[in-house]
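Structure assessment
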Amino acid sequence: MKKKKLFSLVLATVLTAATVLPCYGASTKEKISNAQAEQAAAQSQLDSIQSRIDELNSKKGQSEEYLSELNQQLDDLQNRLQELQDQYDAKQNELVQIQADLEDAKAKEEEQYEAMKLRIQYMYENSSGNGYMAMLFSSKSISELISRAEYIQKISDFDRDLMQEYEDTVDQVKEKETQVQEEQAAIVELQQQSSDQQEAIQELYAAAYQELRTYSAELDDAKSSESALVDEINSKADAINDLIRQAKEEEIAAQKKAEEEAAAAAAAQQAAAEAARKQAAEAEAARVAAAEAANAAAKADTDTSSSSGSSSSDSSASSTTTESPSASDTSSSSSSGTYLGRFKLTGYCSCSICTGQWSGGSTASGTTPTAGRTIAMGGVPFGTKLLINGQVYTVEDRGTAYGHVDIFCSSHSEALSFGVQYADVYQLS
């Protein structure tokens, strides 16, 4: 919106120069044309730079979004690695317990082996002959024989069960140990894969971060150029307004000079006519006097003997009147103030159509726009009082060039109905 506002200001300056200055010095016109061309070139550069800024902002936003995604992936991988490490530590503790169980089983097997050796040793030491057979046959009765046989069988079964239990325990422990070692190896492999993936993402992150820094640096340079061009365009607009004002002053001075020359010519023509009329009157008076003298001499020659006669003579007098016409000078200054020229008048209001993003806000000078008081025009300081069609207005806003007055209205319909008008403008002290 700011870009459109600036462009509209440039366009308004160009159009105002074309509409409000019908005639002025060729040198001033050339200066205005050159300034407008320079301003248009700067505006073209500004448009290009602003397009580049939009592009860089888009790329920067994409890079920031990509970095955010990579950060999330790195966090997920870090959490995954921590989980795998916890699993590995748990398996390691489990393996330590299994190895402890295996050592306990081996110790128990040693105990069983020592107990079995003691039993065998006891039987051999306390029996003669053929061991178990001697024990059986030394029985004094059938029941004792059966009892001894059952006893021997129980001892044998007990030893065999203990041996089988030990073997089963050892097998289970070894199987569990193998399983835990395999799980540990799988965890280590997953850790390696996660580490490799983390390293790859970190490389992508470093490249994306460097790309983001490049975009940021280019964006800073572009914004700096944009600011410089905006300042240049504003400076050109001020210069154009000054030139337009100078051209208006030249036009008024030329008009005043022409009026003074016309008045002087009219006065000279009137003085010449007056002198001619005076000379004609004097000639007529001389002619009349000569005629009267001739008549008097003739009458005296023909009427010398008459003493009682009366001489009559006709005398004619001519009188001339002279008039001094009063001339009224049209001056560029009057009791109403300093005449600035005939300016273009338009209307605007505080709606979004007229003021865009500044809708409903204050004026460029910081005041609250008020119908019947607030006007917008460049080239003069804020607070300047202008007399237009008998109404005093105050310059409180910008948006138009010098020579184009935008009058604030209370509604958009009123601004539209105002249309385009032209009026003589006076600056009040």
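Anyway, here's the lowdown on the structure attached to this text. Since we're looking at a predicted model, the values are computed, not measured.

Another aspect to go through is the packing of aromatic side chains. Counted by the stated rule, this structure contains 3 aromatic pairs. Look at Tyr339 and Tyr426: their rings are 5.2 Å apart centre to centre, the planes differ by 55 degrees, and that puts the pair in the tilted class. Placement of Tyr339 in strand β2 (residues 337–348) and of Tyr426 in strand β7 (residues 421–427) is noted, with a sequence separation of 87 residues between them. Judged by centre distance (5.5 Å) and plane angle (75 degrees), the ring pair of Tyr348 and Phe408 falls under edge-to-face.

Quick look at unusual backbone geometry now. Phi angles above zero are rare outside glycine, and Asn389 is one such case at about 50 degrees. Residue position: Asn389 is located in the loop between β4 (385–388) and β5 (391–397).

Turning our eyes to something else, we now look at the pattern of salt bridges. Between side chains of opposite charge, a pair can form when the charged atoms approach closely. All told, the structure shown has 14 salt bridges when counted by the stated rule. Between Glu274 and Arg277 there is a salt bridge, with the nearest N and O atoms lying 2.6 Å from each other. A residue pair is termed a helical-turn pair when its members lie 3 or 4 positions apart in one helix, as Glu274 and Arg277 do in helix α4 (residues 142–302) at 3 residues. Exposure remark for Arg277: the relative accessible area of 42% places this residue in the partly exposed category. Taking the shortest distance from any N to any O, the salt bridge between Glu284 and Arg287 comes out at 2.4 Å. In this pair, Glu284 and Arg287 both sit in helix α4, 3 residues apart, roughly one turn of the helix. Using a relative accessible area of 31% as the deciding quantity, one classes Glu284 as partly exposed. Residue classification places Arg287 among the partly exposed positions, given a relative accessible area of 49%. Taken together, the shared-partner salt bridges connect Arg52, Glu55, Lys59 and Glu218 into one network.

Right, let's talk about the environment of Gly347 for a bit. For Gly347, the position within the fold is in strand β2. Taking the C-alpha atoms as reference, Gly347 lies 9.8 Å from Ser410; in sequence the two are 63 residues apart. Ignoring any residue separated from it by four or fewer positions in sequence, one finds Gly347 in contact with Asp406, Ile407, Cys409, Ala415, Phe418 and Gly419.

Turning our attention to the side chain of Asp406. Note that Asp406 resides in strand β6 (residues 404–408). What makes Asp406 buried here is its relative accessible area of 13%. A polar contact is formed between the side chain of Asp406 and the side chain of Thr346, at a distance of 2.6 Å. When sequence neighbours within four positions are dropped, the list of residues in contact with Asp406 reads Thr346, Gly347, Tyr348, Thr374, Ile375, Ala376 and Thr400.

Conventions and cut-offs
Residues numbered from 1 in each chain as written. Predicted model: local features only at pLDDT ≥ 70, side-chain atom pairs only at ≥ 80, totals over all residues. Heavy atoms only, no water. Phe/Tyr/Trp six-rings, centres within 6.5 Å; stacked < 30°, edge-to-face > 60°. Helix = DSSP H or I, 4+ residues; strand = E, 2+ residues; numbered from the N terminus. Salt bridge = Lys/Arg side-chain N within 4 Å of Asp/Glu carboxyl O. Buried < 20%, exposed > 50% of the residue type's maximum accessible area, 1.4 Å probe, protein only. Contact = heavy atoms within 4.5 Å. Polar contact = N/O pair within 3.5 Å; in protein donor to acceptor, adjacent residues only side chain to side chain.

Keep in mind these values describe shape, not function.
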